[in-house]
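# Coordinates in review
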Amino acid sequence: MKDRLENFIRDNKKEFDQFDPPAALWDKIEQQLEEKRINSSATGIKKEKVVRLSFLLKMAATIVVVLGVGLWGYQYQKKESADLSNIDPKLAKQQVHYTSLIEAKQTELKQIEKEEPQLYSEFSSEIRKMDASYQKLKSDLPASPNQEETVKAMIRNLQIQTELLNQQLNIIQQINNVKKEQKHETQQI
Amino acid sequence: MEAVYVDQHYDLVVECRNGSRKAHNDLYKLYSRAMFNIAMRILNNEDEAADVLQEAFIDAFGRIGDFRQETTFGLWMKQIVINKSISQLRKRRMELISIDDTDVEAIPDTEIPDYEEMELQVRQVRAAIQQLPDGYRVVLTLYLLEGYDHEEISHILRISENTSRTQFMRARRKLAEILRTRGISYN
């Protein structure tokens, strides 16, 4: 299928290069290359600066956090020791016991947050109310005329919180049972 | 089998990698004319071809670290220029005629060889190629002047091989027609 026209064009390939690029084009290219070089070295410097700065910031932030936690822990310890164990070591033990119980139950409760967000928010708001009055008692304690009574009230509060959490967990258990049954039923159908 | 390309300008490429502005300029001087003409044949517009050429060289120099000796600098550069030219052409919304369903066999060959007796001259053929519609001109020049086969053209233009063939045949016929109307025949 090679014909004369095709062959002619192929044979004269070189002569089909008839145009010359604009004379000023190289200058434009060189200028652009120059700009690129400057930019790339500039971003290099900037990057380094940013890295250093962020490193310093991180260091500073870490120091602040460590100091803060240390200070808080120190003060907390001091306060705590002033609070309860000085007043009544037995009650202090009870307090520790209930707080850890409450903590464990709260984590358990938190598992329903995803499934039952409304229920969870209701439950946790009740606990929060109780906790708020506990915190009030605690802050009143140093100035309280009858410290032992206050501590007892605090412990009662913790007991109620534990009980409340127990009930809430029971309710959740029941809901789960109902759900399971329904599932079984639908599966059987 | 691995093709071994002897690239006469590989030294320049190495110098370019080291950032030598003179080597950049040397490569530009060696290749700019051929590359400009490739862009011109595809785009048929000097301003656009100049823009493509500039972009292509900037791009090539920027990526010269990626260039391996699997090919010559010239072929590599040519690919960049062709790709940029085609995308520029697409921006102009050239419609690469989608006639995939047209059978190559359906285009009768007997109609064509009227120009067997033409007195062909480069200048006139060049002018006639420039008169071709975009789609025809691109396929014809890629095939005849840049030396790509239809498979390669189908990849470059993202069309089927069959379309490339059909397009080429139509372009060739159209070219002959243009030449004929210009009275380029040998009497």
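For the structure, see preceding data.
Residues numbered from 1 in each chain as written. Chains lettered and ligands numbered in written order. Predicted model: local features only at pLDDT ≥ 70, side-chain atom pairs only at ≥ 80, totals over all residues. Heavy atoms only, no water.

### So, the overall build of chain B
What counts is decided by this rule: Runs of H or I in DSSP of at least four residues are treated as helices and runs of E of at least two as strands, each being numbered from the N terminus. Only protein chains enter the area calculation, which uses a 1.4 Å probe; residues under 20% of their type maximum are buried, those over 50% are exposed, and those in between are partly exposed. Under the convention used here, a 1.4 Å probe and the Shrake-Rupley method define accessible areas, while residue burial counts only the protein chains that appear.
In terms of helices and strands, chain B carries eight helices and zero strands. Counting from the amino terminus, helix and strand elements in chain B follow one another as α-α-α-α-α-α-α-α. Buried positions account for 53% of the 187 residues belonging to chain B. Put simply, chain B shows about 9500 Å² of open surface, and 43% of that area lies on carbon and sulfur atoms.

### Some details on the interface of chain B and chain A
Just so we agree on the cut-off: Two residues form a contact once any of their heavy atoms are found within 4.5 Å. Summed over both partners, the accessible area (1.4 Å probe) lost when two parts come together is defined as the buried area. Counted as salt bridges are all cases of a side-chain nitrogen of Lys or Arg within 4 Å of a carboxyl oxygen of Asp or Glu. We call two N or O atoms a polar contact when they sit within 3.5 Å, provided that within protein one can donate a hydrogen and the other can accept it, with sequence-adjacent residues counted only if both atoms are side-chain atoms. Throughout, the ten residues Ala, Val, Leu, Ile, Met, Phe, Trp, Tyr, Cys and Pro are labelled nonpolar, Asp, Glu, Lys and Arg are labelled charged, and all others, Gly among them, are labelled polar.
Listed as interface residues are 42 residues of chain B and, on the opposing side, 28 residues of chain A. Summing both partners gives a buried area of about 3600 Å² for chain B against chain A, and 62% of it is carried by carbon and sulfur. Considering only the surface of chain B that becomes buried against chain A, Arg 21, Ile 58 and Leu 144 of chain B emerge as the three largest contributors, covering 19% of it. Taken together, the connections running from chain B to chain A amount to four salt bridges. Close ionic contact of Arg 21 of chain B with Glu 34 of chain A constitutes a salt bridge, the shortest N to O distance being 2.7 Å. Linking chain B with chain A are 11 residue pairs in polar contact (both at pLDDT 80 or more), by the criterion used here. Residue assignment for the side of chain B that touches chain A shows that the elements contributing at least two residues are helix H2 (21-43), helix H3 (46-62), helix H5 (122-131), helix H6 (134-144) and helix H8 (161-181) of chain B. Per element, the largest residue contribution to the side of chain B that touches chain A is 11 residues, and it comes from H2 of chain B. Grouping the amino acids of the side of chain B that touches chain A by side-chain chemistry returns 23 nonpolar, nine polar and 10 charged.

### Observations concerning the nonpolar core
Put simply, the rule is: For our purposes a nonpolar core is just a set of buried Ala, Val, Leu, Ile, Met, Phe, Trp, Tyr and Cys residues, chained together by side-chain atoms within 4.5 Å. Those domain boundaries reflect an automatic or database domain assignment.
Counting residues in hydrophobic clusters, the biggest one holds 66 residues, and the most contacted among them are Ile 9 and Ile 29 of chain A together with Phe 61, Phe 73, Leu 142, Leu 157 and Leu 175 of chain B. Tallying contributions element by element places H2 of chain B first for this core, with 11 residues. Residues lining this core come from more than one domain, with at least three contributed by each of domain 1 (10-91) and domain 2 (104-181) of chain B. With residues near it in sequence (within four places) discarded, Leu 142 of chain B still touches Ile 42, Ile 82, Gly 147, Tyr 148, Ile 153, Ile 156 and Leu 157 of chain B. Grouped together as the second largest cluster of nonpolar side chains are 20 residues, Val 151, Ile 155, Leu 158 and Leu 165 of chain A included.

### A word on the environment of Asp 51 of chain B
Residue and element names in this part refer to chain B. Positionally, Asp 51 belongs in helix H3. The class of Asp 51 is partly exposed, set by a relative accessible area of 44%. Taking the C-alpha atoms as reference points, Asp 51 and Ala 39, separated by 12 residues in sequence, lie 9.6 Å from one another.

### What about the packing of aromatic side chains?
Heads up, the condition is: Aromatic contacts are taken between Phe, Tyr and Trp rings whose centres are within 6.5 Å, Trp giving its six-membered ring; a plane angle under 30 degrees counts as stacked, one over 60 as edge-to-face, and the others as tilted.
By the definition in use, this model includes nine aromatic pairs over all chains. Both rings, one in Trp 26 of chain A and one in Tyr 28 of chain B, keep their centres 5.2 Å apart while their planes meet at 40 degrees; by these two values the pair is tilted. Here Trp 26 of chain A is found in helix H2 (residues 25-85), whereas its partner Tyr 28 of chain B is found in helix H2 on a different chain. Exposure class is identical for Trp 26 of chain A and Tyr 28 of chain B. Each is buried. Between Phe 67 of chain B and Phe 73 of chain B, the ring centres sit 6.1 Å apart and the planes meet at 80 degrees, which makes this aromatic pair edge-to-face. Assigned by exposure class, Phe 67 of chain B and Phe 73 of chain B land together as buried.

### As for the pattern of salt bridges
All names here are of chain A. The full count for this structure, using the stated rule, is 16 salt bridges over all chains. A salt bridge links Asp 140 to Lys 136; the shortest N-O distance between them is 3.1 Å. Placement of the pair is Asp 140 and Lys 136 together in helix H4 (residues 117-140), with a separation of four residues, close to one helical turn. Here Asp 140 falls in the partly exposed class, since its relative accessible area comes to 35%. For Lys 136, a relative accessible area of 53% corresponds to the exposed category.

### As for the packing of H2 of chain B against H6 of chain B
Residues and elements named next belong to chain B. Counted only if it meets this: The axes are straight lines fitted to the C-alpha atoms, using for helices just the contacting stretch, and the angles between their N-to-C directions are given from 0 to 180°.
Where H2 contacts H6, the two axes come as close as 8 Å, and the packing angle between them is 145 degrees. In this structure, H2 uses Arg 41, Ile 42 and Leu 43 to contact H6, whose residues at the interface are Arg 137, Val 138, Thr 141 and Leu 142. Residues belonging to the contact of H2 with H6 are distributed by class as follows: four nonpolar, one polar and two charged.

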